[in-house]
Amino acid sequence: MTTVNAPKISEYKEATRIERVGAQSHIRGLGLDGDLEPRNISQGMVGQKKARKAAGIILNTIRAGKIAGRSILIAGQPGTGKTAIAMGIAKALGNDIPFTAMAGSEIFSLQMSKTESLTQAFRRSIGVRIKEETEIVEGEVVEIEIDKSATSGAKTGKITLKTTEMETIYDLGAKMIESITKEKITSGDVITIDKVSGRISKLGRSFSKASEFDALGPQTRHVQCPEGEIEKRKEVVHTVTLHEIDVINSRQKGFLDLFSGDTGEIDSEIRDQIDSKVAEWKEEGKADIVPGVLFIDEVHMLDIECFSFLNRALESDKAPIVILATNRGITTIRGTTYKGPHGLPIDLLDRCLIIQTEPYNEAEIRSILEIRCEEEDVEMTEEAKEVLTKIGVDTTLRYAIQLITTANLVAQKRKSNEVDVEDIRRVYSMFIDHVRSTQYLRDHQAEYMFDEYQKQAQKMQVE
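Residues numbered from 1 in each chain as written. Predicted model: local features only at pLDDT ≥ 70, side-chain atom pairs only at ≥ 80, totals over all residues. Heavy atoms only, no water.

Colleague: What's the story with the sheet that holds strand S17 (residues 352–356) in this structure? I'm lost.
Modeller: Backbone-to-backbone hydrogen bonds pair the strands of a sheet. The strands run either parallel or antiparallel. The sheet built from five strands is open, its strands ordered S4-S13-S14-S3-S17 with parallel pairing. This sheet does not close on itself; its edge strands, each paired only once, are strand S4 (99–103) and S17. Going across the sheet, the axis of each strand differs from the next one's by a mean of 20°, ignoring polarity. The pairing of S4 with strand S13 (residues 293–297) spans five bridges and is classified as parallel. Pairing of Phe99 across the sheet is with Val293, part of S13. Packing against the sheet, helix H1 (residues 49–64) makes contact with strand S3 (71–75), S13, strand S14 (321–326) and S17, and its axis sits at approximately 145° to S17. (Pairing = 2+ DSSP bridges. Helix = DSSP H or I, 4+ residues; strand = E, 2+ residues; numbered from the N terminus. Axes fitted to C-alpha atoms, helices over the stretch in contact; angles between N-to-C directions. Contact = heavy atoms within 4.5 Å.)

Colleague: Please clarify how the side chain of Asp189 should be interpreted in this entry.
Modeller: When you line up the elements, Asp189 lands in strand S8 (residues 189–194). Here Thr186 takes part through its backbone nitrogen, which lies 2.8 Å from a polar atom of the side chain of Asp189. When residues no more than four places from it in sequence are discounted, the contact partners of Asp189 are Gly139, Glu140, Val141, Lys184, Lys202, Gly204 and Arg205. (Polar contact = N/O pair within 3.5 Å; in protein donor to acceptor, adjacent residues only side chain to side chain.)

Colleague: Explain helix H9 (residues 304–313) to me, please; I cannot follow it from the model alone.
Modeller: Since one α-helical turn is 3.6 residues long, residues separated by three or four positions face the same way. Taken as a whole, H9 has its buried residues at Cys306, Phe307, Phe309, Leu310, Asn311 and Ala313. At its buried positions, H9 is contacted by helix H3 (114–124) and helix H10 (346–349). (Buried < 20%, exposed > 50% of the residue type's maximum accessible area, 1.4 Å probe, protein only.)

Colleague: It is not clear to me how the pattern of salt bridges should be interpreted in this structure. Could you clarify?
Modeller: Applying the stated criterion across every chain yields a total of 23 salt bridges. The partner of Arg271 in a salt bridge is Glu116, with the nearest N and O atoms 2.8 Å apart. Taken together, the residues Arg271 in helix H8 (residues 268–283) and Glu116 in helix H3 connect sequence positions 155 residues apart. Neither residue differs from the other here; Arg271 and Glu116 are each classed as buried. (Salt bridge = Lys/Arg side-chain N within 4 Å of Asp/Glu carboxyl O.)

Colleague: Sorry, what's going on with the packing of aromatic side chains here?
Modeller: Applying the stated criterion across every chain, the model contains three aromatic pairs. Pairing Phe122 with Phe309 gives two aromatic rings, centres 6.1 Å apart and planes at 85°, and the pair type is edge-to-face. Note that Phe122 is positioned in helix H3 and Phe309 in helix H9, a separation of 187 residues in sequence. The aromatic ring of Phe108 is capped on one face by Arg334, whose charged end is 4.9 Å from the ring centroid. Cation over ring: Arg436 sits above Tyr428, and NZ or CZ is 3.8 Å from the ring centre. (Phe/Tyr/Trp six-rings, centres within 6.5 Å; stacked < 30°, edge-to-face > 60°. Lys NZ or Arg CZ within 6 Å of the ring centre and 35° of its normal.)

Colleague: Can you help me understand unusual backbone geometry in this one?
Modeller: Comment: phi is negative for the bulk of residues other than glycine, and the bulk of peptide bonds are trans. One non-glycine residue, Gln48, lies in the positive phi region at around 50°. Within the secondary structure, Gln48 sits in the loop between strand S2 (45–46) and H1. Notably, Glu298 is not glycine yet its phi reads approximately 55°, a positive angle. Tracing the chain through its elements places Glu298 in the loop between S13 and H9.

Below is the structure:
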């Protein structure tokens, strides 16, 4: 039987996160109070109070880990905040509960079977909270000595750590010196050193150095000097997904395949062995199963084979919460000639708790546009906001949001720090919305290739 390996903490390295302004980057949560009552404007969410309250109930059940294998369908017209609600749930869950997002059309472009891609998505959404004991060194830095060889240039050094009961000197290697320099550790800092990985973490500044508050700044965190032994054992908990364990145990390169993305299809035998091992860890108290969330946007793009797979997969005891989103009405179910509500078969729809979203009113559109202006760091006059709001009401909210950045670029070109009405009008004339585009095609279709519109009109006249 293949030995199942769990990822070690030492395999993880810090990465610099690059923040970009995206369509949902202003979302911070669902905007609910402690009683799950939706605030009018909160955490980037505006309106949709019924839908947000329903999502809050689902959020609480996910956090409690009481349900798994349930499906939620968020249905509504285009531009009514379906993806925003799903992202709000993801933000509210935090990083400890797995959240996987995908579009329904993705599975048709992957170099693997449709059922395999859905299986991998399911297992990305199931977390395994692994508990490990590790040896650490914890203490307040008394002194750091670093020497550099005059001949080879190699660095060596010593660090003196203390607790309330003892003081010890440790030798430093090149990697440890590099970590200390990177973390900007100085005398008076309270640190921990993982003896296995050598990772250094700064806990804060000792209260004995509190007199240096003005020099350090108000953001400095002060902590007590550690008590007891300097070297101690500590329980560390980290969460990985079942898919990550699958990849590590199914490929020669193991952990590196997670970064390449080329995981390919994984044998069911390996998954069965991993499931058995995870069950053993759970019985021994070494791990807990964390049901996460799988969000499938544009679910109407899946076909009947995928829907059949979802019906079966949702009955598994290791299934996550599945959130589906669609903007379709009664339409054809892909892979069949039959029509269904939202493009879904009735047997899958019957498993879903359906959350309905409603179109935004004028006041809500203005509030969303103001939030997006703040998110994109754009200054705009009140008159320009009124014009942009009217555009959002007459066309679509998405179109109005896209005019914010372009109008700001036009304003910058005329050397203004504030977007005015003339900037909005200019970009409105430069970039047309879908309604004006469709009307233009109808008026000038004969000038384009493959004039299907005229043929269809003539056919209707004959009939």
